[in-house]
Amino acid sequence: MDTTKVYSDLLAAYINPEIRIIALEGSTRSGKTWASMQLLNTIMYRTKKPRLISVVSETLPHLKRGCIRDHRDMLEADGIYDPNAWHDTDKIYRAGKGAIEFFGADSPGKVLGPARDILFINECINISYDVCRHLMVRTKEKVILDYNPAFEFWVDSKIAPRADAVILHSTYLDNDKLTASQIAEIESNRDTDPEWWKVYGLGEKGSKQGLIIQNWDIVTDLPPRNTWKKAYIGLDWGWSVPSAIELVVLGEGGEVWVDEIGYAPNLDNPEIAKIIIAAGYKDLEIIADPAEPKSKAELRNFGLNVPDGIVKDIDLGIRVVNRYKKHYTSRSLGSIDENRKYRYKQDIDGNYTGAPVDAFNHAKDAERYVFLNRLSNISSGFDVTVGSAARK
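A. Geometry of the state of the cysteines. Tallied over the entire structure, the rule returns zero disulfides. Lacking any disulfide linkage, Cys67 is separated from the closest cysteine sulfur, that of Cys124, by 12 Å. Take Cys67: its relative accessible area is 0%, and that puts it in the buried class. Sulfur of Cys132: no disulfide; nearest cysteine sulfur belongs to Cys124 and is 6.0 Å away. Under the relative-accessibility criterion, Cys132 is labelled buried at 0%.

B. Layout of empty space enclosed by the protein. Considering all chains together, one arrives at three cavities of 30 Å³ or more under this definition. In this structure, the largest cavity encloses a volume near 60 Å³. What lines the largest cavity is Lys5, Val6, Asp9, Leu24, Leu168, His169, Ser170 and Asp174. Elements represented by at least two residues in the lining of the largest cavity include exactly helix H1 (5-14) and strand S8 (165-170). Class assignment of the residues belonging to the lining of the largest cavity gives a composition of three nonpolar, two polar and three charged. Here the second largest cavity is characterised by a volume of approximately 50 Å³. Around the second largest cavity, the lining residues are Ala150, Glu195, Trp196, Val199, Tyr200, Arg340, Lys341 and Arg343. Looking at the lining of the second largest cavity residue by residue, the class counts come to four nonpolar, no polar and four charged.

C. Up close: unusual backbone geometry. Positioned with a positive phi, Lys91 is a non-glycine residue whose angle comes to about 55°. Inspection of the secondary structure puts Lys91 in the loop between strand S3 (86-87) and strand S4 (92-95). Lys91 gets classed as buried once you look at its relative accessible area, which sits at 12%.

D. Examining the sheet that holds strand S9 (residues 216-219) more closely. One open sheet holds the six strands; their spatial order is S9-S14-S12-S11-S10-S13, and the pairing between them is mixed. Strand pairing shows two members of the sheet lacking a second neighbour, S9 and strand S13 (286-288), which therefore form its edges. In this sheet, adjacent strand axes meet at a mean angle of 30° when their direction is disregarded. Strand direction decides the pairing type here: strand S11 (residues 243-250) and strand S12 (residues 256-264), joined by eight bridges, are antiparallel. Across the sheet, Leu247 pairs through a bridge with Asp259, a residue of S12.

Rules used in this analysis
Residues numbered from 1 in each chain as written. Predicted model: local features only at pLDDT ≥ 70, side-chain atom pairs only at ≥ 80, totals over all residues. Heavy atoms only, no water. Disulfide = S-S within 2.5 Å. Buried < 20%, exposed > 50% of the residue type's maximum accessible area, 1.4 Å probe, protein only. 1 Å grid on protein atoms, 1.4 Å probe; cavity = no way out; pocket = protein on both sides within 12 Å on 5 of 7 lines; lining within 4 Å. Points joined across faces, edges and corners; volume = space filled by probe spheres on them. Helix = DSSP H or I, 4+ residues; strand = E, 2+ residues; numbered from the N terminus. Nonpolar A, V, L, I, M, F, W, Y, C, P; charged D, E, K, R; others polar. Pairing = 2+ DSSP bridges. Axes fitted to C-alpha atoms, helices over the stretch in contact; angles between N-to-C directions.

These figures capture arrangement, not role.
Here it is in structure tokens:
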């Protein structure tokens, strides 16, 4: 097993009997999650007594793209992955006397369910303290947390002051497994986006100030289709960067639901058309980036409705987006990630300029085309009335 400095620091803290909670704080690509899964896999295989390890993140889709994939990749790399040990329905892997289960923090029955021996909460900054406290009090031995310090949150006030807790800081420079191109990509943000660089490059505490997308939350699924008032597909083309295909639904009470249909690089137009058709939305209007007339024409060849005359005003579009209460389905991983990173530029004095940083905005552009062109009356100078649906 090939390890990094982050793994060594984590192991030293884990075997210290005076430490119960280990918080891994740091930049992107420092290897926090990978090191945690390496340690947990080792414990699972070597434990001499029955030991249950719970790996928890914000949602199950987030785990599937992250920790579950890492878990399998590292076991396969070591030649020890056993497909018969994986129970896909329960999302649990058993080896010897050990077992690792995976579940989302949005599953109340599991959060408030039986105890475990070891707990790992991945990207805990996205989970409330109340949920994490329920998980921690049901944990017999150690608790591991990891996160990018995008803003001050409950780890700073509730965990850091504890005598039985330790905060381990790391950056991408502590991960000697990164390629030169990965390092260059991270460092390319040093001058173009200082706030991003502070959090995801240096691993230092950031702030929610300057974030563009407001008034949103995460939900399990879309509302029943018979309650939809309007529905559109927003499309932003990419190639080396992701193409974003977002379903935008205006529901009861004037609130909006967003469901990510596709979010990936290297999607050609036939693939985009197939994704939309396979999702069952062939008859919906596709509000696409107007800068790609040839791509729009190609989608029309598949029988898709892609109108012209789309307005691309960024500032006005953002204002319309933020007038609405927005609910993002938990599987909309790309769009949710952009909500947490899409921010305004800063001048040399650190003041926000009101101009967005041109990054982390592929899904935001796709959604903005719909909000501006179909959920506002731009012809009358931005006049939109938005209600508030009752919570059920």
